[in-house]
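These are the residues of each chain, in order.
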Amino acid sequence: MSGDQLHNDSQIEADFRANDSHKHKDKHKDREHRHKEHKKDKEKDREKSKHSNSEHKDSSEKKHKEKEKTKHKDGSSEKHKDKHKDRDKEKRKEEKSKSSGDVKIKKEKENGFSSPPRIKDEPDDDGYYASPKEDSKPLKRPREEDDDEYKPKKIKTEDIKKSKKRKQEEEEDNKAKKTKSKDKKVPEGDNKKKKQKKEEEQKWKWWEEERYPEGIKWKFLEHKGPVFAPPYEPLPENVKFYYDGKVMKLSPKAEEVATFFAKMLDHEYTTKDIFRKNFFKDWRKEMTSEEKSTITNLNKCDFSQMSQYFKAQSEARKQMSKEEKQKIKEENERLLKEYGFCIMDNHKERIANFKIEPPGLFRGRGNHPKMGMLKRRIMPEDIIINCSKDSKVPPPPPGHKWKEVRHDNKVTWLVSWTENIQGSIKYIMLNPSSRIKGEKDWQKYETARRLKKCVDKIRNQYREDWKSKEMKVRQRAVALYFIDKLALRAGNEKEEGETADTVGCCSLRVEHINLHPELDGQEYMVEFDFLGKDSIRYYNKVPVEKRVFKNLQLFMENKQPEDDLFDRLNTSILNKHLQDLMEGLTAKVFRTYNASITLQQQLKELTTPDENIPAKILSYNRANRAVAILCNHQRAPPKTFEKSMMNLQTKIDAKKDQLADARRELKSAKADAKVRRDEKSKKTVESKKKAVQRIEEQLMKLEVQATDREENKQIALGTSKLNYLDPRISVAWCKKWGIPVEKIYNKTQREKFAWAIDMADEDYEF
DNA sequence: GTGGTTACTTAGTACTCCATTA
DNA sequence: TAATGGAGTACTAAGTAACCAC
């Protein structure tokens, strides 16, 4: 399988280049299917071995057994069926690997196996050092996760004073708030005071305060509960639904579900078999028995009038008058004000998602087996409220009650409910700008920085483990190598048939890699091709070390394409091992670490001191892009991409013409001044010169913009910026080069990273 | 070791709003 | 003044990983 190398960015190491996926997703379908069949077989086998004496041995299983026997011609039909149970096979295999491995290792030694090249270029100083700033400001100490039983540390007296003062202020603030909440209605007049207060709130520097002991997330929590989806509004009489060419009036319930489908009619989803099948099955559940007996074929349903009605409605919404739009906006603001905030430990904090997800049709990503199923309406009776005992419990809507009210301060969520598609729990939590999220974020980067201190040791260790006699250890070491080198996700096991068939490192299957002893002039190439999170394709050709290559060959021996590559490994085994190497270390820390260290290196490499601000920002974006490529953060190219690119090019051409004109004018002005030699003409020359300069700058800006946009066509920068890059690296870079931080982070991002903006100075080192 | 549950982070896309341009 | 386009936001799916009982 070959994919076209898409990201042709000279700045980025070829190793890290992942290929485009969106166009190729379909290619995987076939394979997925095959895999599913296979897995089903496997599952059955598992069941069988579990209840070996059970009465479940039906004919299909027998058939399957026979099938399996023919599959594995070497007679080892039970091989690879089960990861953890088949000890005999394991032994046999290990013996085999031992003998062949020994030979191989010897051979390598004879070949003069030299220490492998470094996985990633890293700054020469291997040791970690805290930034001088942190040394001088113990208050902003990087938090170590290892201080398990955290006791608020005594910090500089000065700072204690500060914090005490702040606390006093807060207490006063809180008192005021409490009295306020008692007599609720506050005259609209005190806007100024309110504003001031708001600003104070925004300026709250939680990162300078003491933390709670491990496990405790808050001491006081009060909120207004969730906002429910608006009730269903039946369609007007003139909007008809037709079945088999005849008008049919649907019951409200059936009609509501029908409108969900009608609203999606233009989407490709509604043409997919699984989607239609799932939808129809769930829709029928909502029908009256009469409807059920009439409506038996989705193909005979005509939703077109409904669809047109909704299109007209959305058109009308766009055409609304200013006043109407303003009214809606005000209503939304009112809702936000009332339900969008909570009080957590004396501070008003913004809630991220205070609105309950409305009912609709489930749209999974990729080839999701449950697409089209009905996401049912969430009622107060489904809702668990979490708040503190001494808070005012939010009242349920009239005539309803909550499923439960609990007071659990070991968790951060305010509201939860169980969703009906996967049976998973959904939560209402706080905004990223909140203390509770910020602290966690900060902690995450501190863990990644701790990894920096010991990453060399860990790398040496897994290199050693490639030679281990134990298959499990070898697999673990190779997997870890991939996670480290390629920033792959851990790859938890997933329930079969419940989700799209996607994989991560530990769940890679034989069919996801191709080994090439030589490819494109390089030795020991591994070609990856699989669907990762969100069914985004990961395609990459990577040269690996010989020992890794040989190990992979070994892991793949006698396996079917649908078999697990790392059959002795899962994420929990891997993470347990990582925990032993460093406290708090998990597979995902490697992604954070490698993303952040890459940004820091790339910024160092790409920033040229004498460049102007737009050029520096281009460099920043390129560094950011290198990370996004490493992490395989892709996006569908914007629908208007080609057009907007063309428009930009037109602008550039026009600017070029304008520049040529200005230069001509400058030339003639110069000639004129030479002849006249008066003040006026000199001034004209000066002003023409300035004009040329101005236009040159404008042109340059446009060109930079064009480059940036082109390079960004299929790469999403946001995800890494928000989740993987230690914001202090960016802040330090801004401070070092005099770039306003607003150029890198928008308002929301600045709120999220307020802690970093406040604490990092220009010589911060990750 | 496994399977189930829970809590939380990470992810891409659809929509909205607002500034700029024709 | 309407159209356009891009930045920012809202939404919610899909991951990771810890914990617990057996």
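Here the structure is shown first, and the text comes after it.
In this text, all values refer to a predicted model and were calculated from it rather than measured experimentally.

Caption draft 1: Representation of the overall build of chain A in the model. Within chain A, the regular secondary structure consists of 23 helices and 15 strands. Evaluated residue by residue, chain A yields a buried proportion of 47% over its 766 residues. For chain A, the proportion of contacts with a sequence separation of at least 24, taken over those separated by at least 6, is 72%. Carbon and sulfur atoms form 50% of the exposed surface of chain A, whose accessible area is close to 41700 Å².

Caption draft 2: Spotlight on the protein's contact with DNA strand C. Looking at DNA strand C, there are 32 residues lining it, with R365, K426, G491, K588 and T748 nearest. At a separation of 3.3 Å, a phosphate oxygen of DNA strand C approaches a polar backbone atom of A490. Separating a phosphate oxygen of DNA strand C from a side-chain N or O atom of K494 is a distance of 3.1 Å. Where the surface near DNA strand C is concerned, the elements lending two or more residues are α15 (571–581), α16 (587–606) and α18 (641–676). Ranked by the residues each element gives to the surface near DNA strand C, the list is headed by α18, at three residues. Residue composition of the surface near DNA strand C, grouped by class: four nonpolar, 14 polar and 14 charged.

Caption draft 3: Focus on the packing of helix α12 (residues 435–465) against α16. Their axes nearest at 9 Å, the elements α12 and α16 cross at an angle of 90 degrees. The orientation of α12 with respect to α16, classified from their angle, is roughly perpendicular. Contacts between α12 and α16 pair K444, Y445, T447, A448, L451, K452, V455, I458 and R459 from the former with K588, V589, F590, T592, Y593, N594, S596, I597 and Q600 from the latter. The class makeup of the residues in the contact of α12 with α16 is nine nonpolar, five polar and four charged.

Caption draft 4: Spatial organisation of α16. For α16, spanning 20 residues, the distance from its first C-alpha to its last is 29 Å, which sits close to the expected 28 Å at 1.5 Å a residue. With 17 of 20 residues buried, α16 lies mostly within the body of the structure.

Caption draft 5: Here's a closer look at the pattern of salt bridges. In the structure shown here, the tally under the stated rule is 38 salt bridges. We note a salt bridge from K375 to E357, for which the minimum N-O separation is 2.9 Å. With K375 in strand β8 (residues 374–375) and E357 in the loop between β6 (347–350) and β7 (360–361), the pair connects residues that are 18 residues apart, well separated along the chain. Among the salt bridges present, the one from E498 reaches K370, with a minimum N-O distance of 2.8 Å. A residue pair is termed long-range when its members are at least 10 positions apart, and E498 in the loop between α13 (471–486) and β13 (513–519) and K370 in the loop between β7 and β8 qualify at 128 residues.

Caption draft 6: Local environment of the pairing of β6. Burial along β6 is one-sided: H347 and E349 are buried, and none of K348 and R350, which face the opposite way, are. Inspection of the sheet shows strand β5 (residues 341–344) paired to β6 by four bridges, in the antiparallel sense. Looking across to β6, one finds that F341 is bridged to R350. A loop of two residues connects β5 with β6, the two strands running antiparallel in sequence, and D345 in this loop sits at a positive phi of about 45 degrees.

Caption draft 7: The sheet that holds strand β15 (residues 537–543), seen in detail. If you walk across this open sheet you meet the three strands as β13-β14-β15, and the pairing is antiparallel. In this open sheet, the two strands that pair with only one neighbour each are β13 and β15. On average, each strand axis in the sheet is inclined to that of its neighbour by 15 degrees, with strand direction left out of account. As defined by bridge partners, β13 adjoins strand β14 (residues 522–531) across six bridges and the pair is classed as antiparallel. Counted as the bridge partner of H516 is M525 from β14. On top of the sheet, α13 reaches β14 and β15; it is set at about 100 degrees to β15, its chief contact. Across the sheet, helix α14 (residues 546–556) lies against β13 and β14, angled at about 135 degrees from β13, the strand it touches most.

Caption draft 8: Structural view of the environment of I652. Position of I652 relative to the elements: it lies in helix α18. For the pair I652 and Y339, spaced 313 residues apart in sequence, the C-alpha separation works out to 47 Å. Aside from chain neighbours lying at most four places away, what touches I652 is L699, L702, E703 and A706.

Caption draft 9: Here's a closer look at the packing of aromatic side chains. Counted according to the given criterion, the structure contains 30 aromatic pairs. Ring geometry for F528 and Y538: centres 6.1 Å apart, planes at 85 degrees, overall edge-to-face. With F528 in strand β14 and Y538 in strand β15, this residue pair connects regions lying ten residues apart in the sequence. Accessibility expressed as a relative area gives 0% for F528, which makes it buried. Owing to a relative accessible area of 5%, Y538 belongs among the buried residues under this scheme. An aromatic cluster is present here, built from Y462, W466, Y481, F482, F528, F530, Y538, F555 and F566 joined pairwise through their rings. The ring of F310 is capped by K263, whose NZ or CZ atom sits 4.7 Å from the centre of that ring. When the ring centre of F341 is taken as reference, the NZ or CZ atom of K348 above it lies at 4.7 Å.

Conventions used here
Residues numbered from 1 in each chain as written. Chains lettered and ligands numbered in written order. Predicted model: local features only at pLDDT ≥ 70, side-chain atom pairs only at ≥ 80, totals over all residues. Heavy atoms only, no water. Helix = DSSP H or I, 4+ residues; strand = E, 2+ residues; numbered from the N terminus. Buried < 20%, exposed > 50% of the residue type's maximum accessible area, 1.4 Å probe, protein only. Contact = heavy atoms within 4.5 Å. Areas by Shrake-Rupley, 256 points an atom, 1.4 Å probe, with all protein chains shown as cover. Near = heavy atom within 4 Å. Polar contact = N/O pair within 3.5 Å; in protein donor to acceptor, adjacent residues only side chain to side chain. Nonpolar A, V, L, I, M, F, W, Y, C, P; charged D, E, K, R; others polar. Axes fitted to C-alpha atoms, helices over the stretch in contact; angles between N-to-C directions. Parallel < 35°, antiparallel > 145°, perpendicular 65-115°, else oblique. Expected span 1.5 Å × (residues − 1). Salt bridge = Lys/Arg side-chain N within 4 Å of Asp/Glu carboxyl O. Pairing = 2+ DSSP bridges. Phe/Tyr/Trp six-rings, centres within 6.5 Å; stacked < 30°, edge-to-face > 60°. Lys NZ or Arg CZ within 6 Å of the ring centre and 35° of its normal.

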